[in-house]
Amino acid sequence: MSRRTIIAGNWKMNTRAADGASLAQGIADAVGENPTVEVVVCPPSVYLSRVADVLAGSAVGLGAQNLYPADDGAYTGEVNAAMLCDSGCRYVILGHSERRAILGETDAQISEKLAAALAGNLVPIVCVGETLDDREGGKTEAVVEEQLRGSLDGLDEARASGVVIAYEPVWAIGTGKTASPEQAEEVHAFIRKLLGELFTDEVAQQMRIQYGGSVKPGNAKELLGQPNIDGALVGGASLKVDDFVAIINAG
Ligand code: PGA
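Summary of the structure given here.

How each quantity is defined
- Residues numbered from 1 in each chain as written.
- Predicted model: local features only at pLDDT ≥ 70, side-chain atom pairs only at ≥ 80, totals over all residues.
- Heavy atoms only, no water.
- Helix = DSSP H or I, 4+ residues; strand = E, 2+ residues; numbered from the N terminus.
- Contact = heavy atoms within 4.5 Å.
- Core = buried A, V, L, I, M, F, W, Y, C linked by side-chain atoms within 4.5 Å.
- Buried < 20%, exposed > 50% of the residue type's maximum accessible area, 1.4 Å probe, protein only.
- Salt bridge = Lys/Arg side-chain N within 4 Å of Asp/Glu carboxyl O.

### A closer look at the environment of I209
Then comes step 1: With respect to the element layout, I209 can be found in strand β7 (residues 208-212).
Then comes step 2: Placed 71 residues apart in sequence, I209 and G138 show a C-alpha to C-alpha distance of 22 Å.
Then comes step 3: Those residues in contact with I209, other than ones at most four positions away along the chain, are I165, H188, I191, R192, L195, N228, I229, D230 and G231.

Now the structure itself:
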């Protein structure tokens, strides 16, 4: 089963209109028309339309960093799947550890967002990952399992293969500490086994699992070379054209 590598840049709250537009342009130019990997950038939501204009006609997909799971209505400050689609999005990151930790997002909320993303024809990237305390306490698999079971609760087997999982150990995000390829592969293999239990082995073989956490040009090839690592969710290094393109080329 060959799974197409997916490299996504999570710009977080780090770009403004002008530098985001030139970053998107630089990536689109470097990636060309037929990249072997799937490439996605996820700007702050207020700039989605502007980046969509820059990416129009390119092979780079556009993603959002969050959504609110409701139809249009009285939800001050929120943005739903239909609005993201309208803005040119095809992907959405859900349950990033920063949202879990800073905004208190729960697995139950993430599962509602997942349903809304799929209903709105967006490709969800569902993030899971343990903290340093969890890892040192030997709880990595238990934490990842609980997050996955909760976040994917209610997900229909028929739609599961279109969902992307991102394994992002919290201790490796923005810290410069990367999980070793062996450490990452061990958790990815565990996740795939669990997906086989939640759905079927066939579905689990089709689902893509990205690694995230200080992915850089220097470590991307080794990480992406692991059998169960099907891509990367990149924060800091996605903000520089050369670094992000080097990671894409490692895929
Ligand atoms: P990082 O962020 O690459 O800066 O560690 C990854 C992420 O949070 O998605």
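From this point on, the discussion continues.
### Topic: the nonpolar core
Across soluble globular proteins, nonpolar side chains have a tendency to be buried as a group.
Then comes step 1: I27, I165 and I191 are the most contacted members of the largest nonpolar core, which totals 66 residues.
Then comes step 2: It is helix α9 (residues 181-198) that contributes the most residues to this core, six residues altogether.
Then comes step 3: With residues near it in sequence (within four places) discarded, I165 still touches V126, V128, L148, L152, I191, L195, M207, R208, I209 and Q210.
Then comes step 4: In this structure, A8, C42, I125 and A166 belong to the second largest nonpolar core, which totals 11 residues.

### A closer look at the environment of E112
Then comes step 1: Along the chain, E112 turns up in helix α5 (residues 107-119).
Then comes step 2: In this structure the C-alpha to C-alpha distance between E112 and Y68, which are 44 residues apart in sequence, comes to 8.8 Å.

### Focus on the environment of N249
Then comes step 1: Counting through the fold element by element, N249 comes out in helix α12 (residues 241-250).
Then comes step 2: Judged by its relative accessible area of 58%, N249 is exposed.
Then comes step 3: Note: C-alpha distance between N249 and T36 (213 residues apart in sequence) is 8.9 Å.

### A look at the pattern of salt bridges
Then comes step 1: This model, assessed by the stated rule, comprises 12 salt bridges.
Then comes step 2: One salt bridge connects R3 with D230, and the closest N-O pair in it is separated by 2.9 Å. Linking R3 in the segment before β1 (6-10) with D230 in the loop between α11 (217-224) and β8 (231-234), this pair joins segments that are 227 residues apart in sequence.
Then comes step 3: Put simply, E197 and R149 hold a salt bridge, and the shortest N to O gap is 3.9 Å. Of the two residues, E197 sits in helix α9 while R149 sits in helix α7 (residues 140-151), which places them 48 residues apart along the sequence.
Then comes step 4: Residue classification places R149 among the partly exposed positions, given a relative accessible area of 39%.
Then comes step 5: Residues joined in a network through salt bridges with shared partners are R3, R192 and D230.

### Let's talk about the side chain of N66
Then comes step 1: Mapping N66 onto the fold places it in the loop between β3 (60-64) and α3 (81-86).
Then comes step 2: Those residues within four positions of N66 in sequence are excluded, and the remaining contacts are L84, V92, I93, R99, E105 and K113.

### Structural notes on unusual backbone geometry
Then comes step 1: Positioned with a positive phi, K12 is a non-glycine residue whose angle comes to about 50 degrees.
Then comes step 2: Mapped onto the elements of the fold, K12 is located in the loop between β1 and α1 (17-31).
Then comes step 3: For K12, a relative accessible area of 18% puts it in the buried group.
Then comes step 4: One non-glycine residue, N121, adopts positive backbone phi at about 65 degrees.
Then comes step 5: Within the element layout of this structure, N121 appears in the loop between α5 and β5 (123-128).
Then comes step 6: Given a relative accessible area of 62%, N121 falls into the exposed group.

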